[in-house]
Amino acid sequence: MKYILLFISLLFVATSHALPTATPPAPVLTAKAYVLFDHTSHQVMLNRNGNTHMEPAALTKLMTAYLTFGAIKKGVLAMDQILTVPDDALRNNDGESRMLLKSGQSVTVDELLHGLIVQSGNDAALTLASSISANETDFVAAMNKEAQRLGMSNTHFTNAVGISDPQHYSTANDIALLAAALVRDFPEQYPLFGLRDYTFNNVTQANRNRLLWLDPYADGLKTGHSDTAGFCLVGSAKRDQRRLISVVLGADSDSLRASESQQLLNYGFQYFDAVRLYSGNQAITQVRIWKGTEKMLNIGMRRDLFLTIPKGQLSKLKATVETRPPLLAPITSGQQIGVLKFSLDGQPYAEFPLVALDSVSLANVFSRGWDSIRLLVQKYIHW
């Protein structure tokens, strides 16, 4: 069926200073996989092996933190609630990151979250897991369920802390989704990821995330490492109102995972802008509706639309709306009606679904019959 193309004019304000007209090449990194994600526009800016299954190591604890934050939000846990450290939380594996808890010790949820996020303590993770679920097995099932809900379709967990297992894997893209969900869903707890150190039982342990010292704008998120996973880092930085998230997996050293993460973040901030093109619930255009109580329907997006583009390229951005006619009532508010497609300098760049901003009910039988005749006439004319 034939497409209707509606060309939309985008109104841009000229900047007062010159910007580069060509985007420089992306940094070349040595990590096995990496992703640069613009949290403002929800766009992946750089992607190398982003969908390849990789061992997440201690980045697993981001999901442990996500479920703990969710339990606090639902009232299952409270930050000042006192928990007892179970024996199962103290596994003395060589090289295991620990908060240095003791069996039977009383500790608050707040202290455990500091130990989980800043110190990457496996003992803290397992203590929290056992307080949310009956056992680690049930907690892992909840982790996998939440991963699917968040769209992490290439992720599967077998434990709460990131111990190596052939069936324990994720991807750079999925981990970026999880990091973005932490920022979006739990702004009250997110500052924990920016703490440089934490002292518990008179022992101070530093955060292993070197970005917190290298980049004044960095405020998260977490590191991971094992012999098989290599050195991993999920970083995030915010400049003005714009936030970027970097994921680096399988770097060769601690210093490399930090420097390559910083290269990604600097590249995104220096050479790209996130521009708001449309406001949420703004009518981008109108489309004809047949057999309904209304003849025209406003379509747009429920949320503000930001688009990440190379600096200095805004005037080269063009937009078209595609719908598949005829559009027949009834129409429900929020129903996808078409697609908004962008091209940059003549090349396809991005596309977004367009939804009905209003509902349109079915018209009476006489109006529907008249529209049926008109559609039939149009069909023969186009033949």
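In this text the structure is predicted, and so the values were computed from the model without any measurement. Here the residue numbering is sequential within each chain, running from 1 through the sequence in written order. Local features in a predicted model are, by the rule used here, given only for residues with pLDDT of at least 70; side-chain atom pairs are given and counted only at 80 or more, and totals for whole chains, interfaces and linings are based on all residues. Just so you know, side-chain values use all the structure's heavy atoms and leave hydrogens and water out.

### Things to note about the overall build of the protein
For clarity, the cut-off: Each helix is a run of H or I in the DSSP string that is no shorter than four residues. Each strand is a run of E no shorter than two, and both are numbered from the N terminus. Categorising residues by exposure relies on relative accessible area from a 1.4 Å probe, with only protein chains included: less than 20% of the type maximum marks a residue as buried, more than 50% marks it as exposed, and the intermediate range marks it as partly exposed. For this analysis, residues touch if any pair of their heavy atoms sits within 4.5 Å.
The secondary structure content of the protein amounts to 8 helices and 18 strands. Projecting the C-alpha coordinates of the protein onto the three principal axes gives extents of approximately 80 × 50 × 35 Å. Considering the protein as a whole, with its 383 residues, one finds that 51% of them fall into the buried category. The contacts of the protein with a sequence gap of at least 6 include a subset with a gap of at least 24, amounting to 67%.

### Considering unusual backbone geometry
Looking along the chain, the bond that leaves Gly-220 and enters Leu-221 is cis, with omega of 0°. Examined against the element boundaries, Leu-221 turns out to sit in strand β8 (residues 218-226). Looking along the chain, the bond that leaves Ala-329 and enters Pro-330 is cis, with omega of 5°. The phi torsion at Asn-201 lies on the positive side, around 55°, for a residue other than glycine.

### Notes on the environment of Val-339
Assignment of secondary structure puts Val-339 in strand β17 (residues 336-344). Expressed as a C-alpha distance, the spacing of Val-339 and Arg-324, which sit 15 residues apart in the sequence, is 9.7 Å. Excluding residues that lie within four positions of it along the chain, Val-339 makes contacts with Thr-320, Val-321, Glu-322, Glu-351, Phe-352 and Leu-354.

### Comments concerning the pattern of salt bridges
So the rule is basically this: Just to be clear on terms, a salt bridge is a Lys or Arg side-chain nitrogen sitting within 4 Å of an Asp or Glu carboxyl oxygen.
Following the criterion strictly, the structure yields 9 salt bridges and no others. The partner of Arg-210 in a salt bridge is Asp-254, and the shortest N-O contact between them spans 2.9 Å. With Arg-210 in the loop between β7 (203-206) and α6 (211-214) and Asp-254 in helix α7 (residues 254-271), this pair connects stretches of sequence that are 44 residues apart. Note on Arg-210: relative accessible area 39%, which makes it partly exposed.

### As for the packing of aromatic side chains
Our working definition: Side-chain rings of Phe, Tyr and Trp, where Trp is taken by its six-membered ring, are said to pair if the distance between their centres is within 6.5 Å; with planes under 30 degrees apart they count as stacked, over 60 as edge-to-face, and otherwise as tilted. By definition here, charges over rings are those cases where NZ of Lys or CZ of Arg is within 6 Å of the ring centre and within 35 degrees of the ring normal.
Inspection of the entire model under this criterion finds 7 aromatic pairs. Taken together, a centroid distance of 5.6 Å and an interplanar angle of 55° make the contact between Tyr-267 and Tyr-271 tilted. Of the two residues, Tyr-267 and Tyr-271 both sit in helix α7, 4 residues apart, roughly one turn of that helix. Following the ring pairs from residue to residue traces out a cluster consisting of Tyr-66, Phe-69, Phe-186, Tyr-190 and Phe-193. Over the ring of Trp-290 we find Arg-288; its NZ or CZ atom is 4.0 Å from the centre of that ring.

### Regarding the sheet that holds β8
The condition that has to hold: Here, any two strands with at least 2 DSSP bridges between them count as paired. Axis lines are fitted through C-alpha atoms, for helices just across the contact stretch, and the angle between N-to-C directions can take any value from 0 to 180 degrees.
Taken together, 5 strands build an open sheet; the order of strands is β3-β2-β10-β9-β8 and the sheet is antiparallel. At either margin of the open sheet sits one strand with a lone partner, and together these are β3 (43-48) and β8. In this sheet, neighbouring strand axes are inclined to one another by 10° on average, regardless of whether the strands run parallel or antiparallel. Docked against the sheet, α7 engages β2 (33-38), β3, β8, β9 (230-239) and β10 (242-251), running at close to 145° with respect to β10.

### A few points about helix α5 (residues 172-185)
One turn of the α-helix equals 3.6 residues, which is why residues spaced by three or four share an orientation. Cut-off, in case you're wondering: A helix is expected to reach a length of 1.5 Å times the quantity of its residues less one.
The terminal C-alpha atoms of α5 lie 20 Å apart, and with 14 residues this matches the ideal 20 Å at 1.5 Å per residue to within 8%. Among the 14 residues in α5, 12 count as buried, and that is most of the element. Along α5, the residues classified as buried are Ala-172, Asn-173, Asp-174, Ile-175, Ala-176, Leu-178, Ala-179, Ala-180, Ala-181, Leu-182, Val-183 and Asp-185. Taken together, the buried residues of α5 touch β2, β3, α1 (61-74), β8, β9 and β10.

### A few points about a nonpolar patch on the surface
Rules: Every patch collects residues that have over 30% relative accessible area and no salt bridge, joining them within 9 Å if they carry like charges and within 5 Å if they are nonpolar side chains (Val, Leu, Ile, Met, Phe, Trp, Tyr). Per-residue accessibility takes into account occlusion by the displayed protein chains alone, with areas from the Shrake-Rupley method and a 1.4 Å probe.
Judged by side-chain polarity, Trp-370, Ile-373, Val-377 and Ile-381 come together as a nonpolar surface patch covering roughly 440 Å² of accessible area. Relative to the assigned elements, Val-377 resides in helix α8 (residues 365-382). Exposure remark for Val-377: the relative accessible area of 43% places this residue in the partly exposed category.

### Things to note about the nonpolar core
Across soluble globular proteins, nonpolar side chains have a tendency to be buried as a group. Inclusion rule: To define a nonpolar core, start from buried Ala, Val, Leu, Ile, Met, Phe, Trp, Tyr and Cys residues and group those joined through side-chain atoms within 4.5 Å.
In terms of nonpolar packing, the biggest core is built from 63 residues, with Met-63, Phe-69, Phe-193, Val-234 and Leu-249 touching the most fellow members. In terms of residue count, α5 provides more of this core than any other element does, 9 residues in total. Discounting chain neighbours no more than four positions away, the residues touching Leu-249 are Ala-31, Lys-32, Ala-33, Met-54, Leu-59, Thr-171, Ala-172, Ile-175, Phe-231 and Cys-232. Leu-317, Ala-319, Val-321 and Ala-329 belong to the second largest nonpolar core, which has 27 residues in total.

### Quick word on the pairing of strand β12 (residues 283-290)
Pairing of β12 with strand β13 (residues 296-300), which is carried by 5 bridges, proceeds in the antiparallel orientation. Paired with Ala-283 across the strands is Gly-300, a residue of β13. Taking the residues that link successive antiparallel strands as the turn, the β12-β13 hairpin has 5 residues, and the phi of Lys-291 there is positive, at about 65°.

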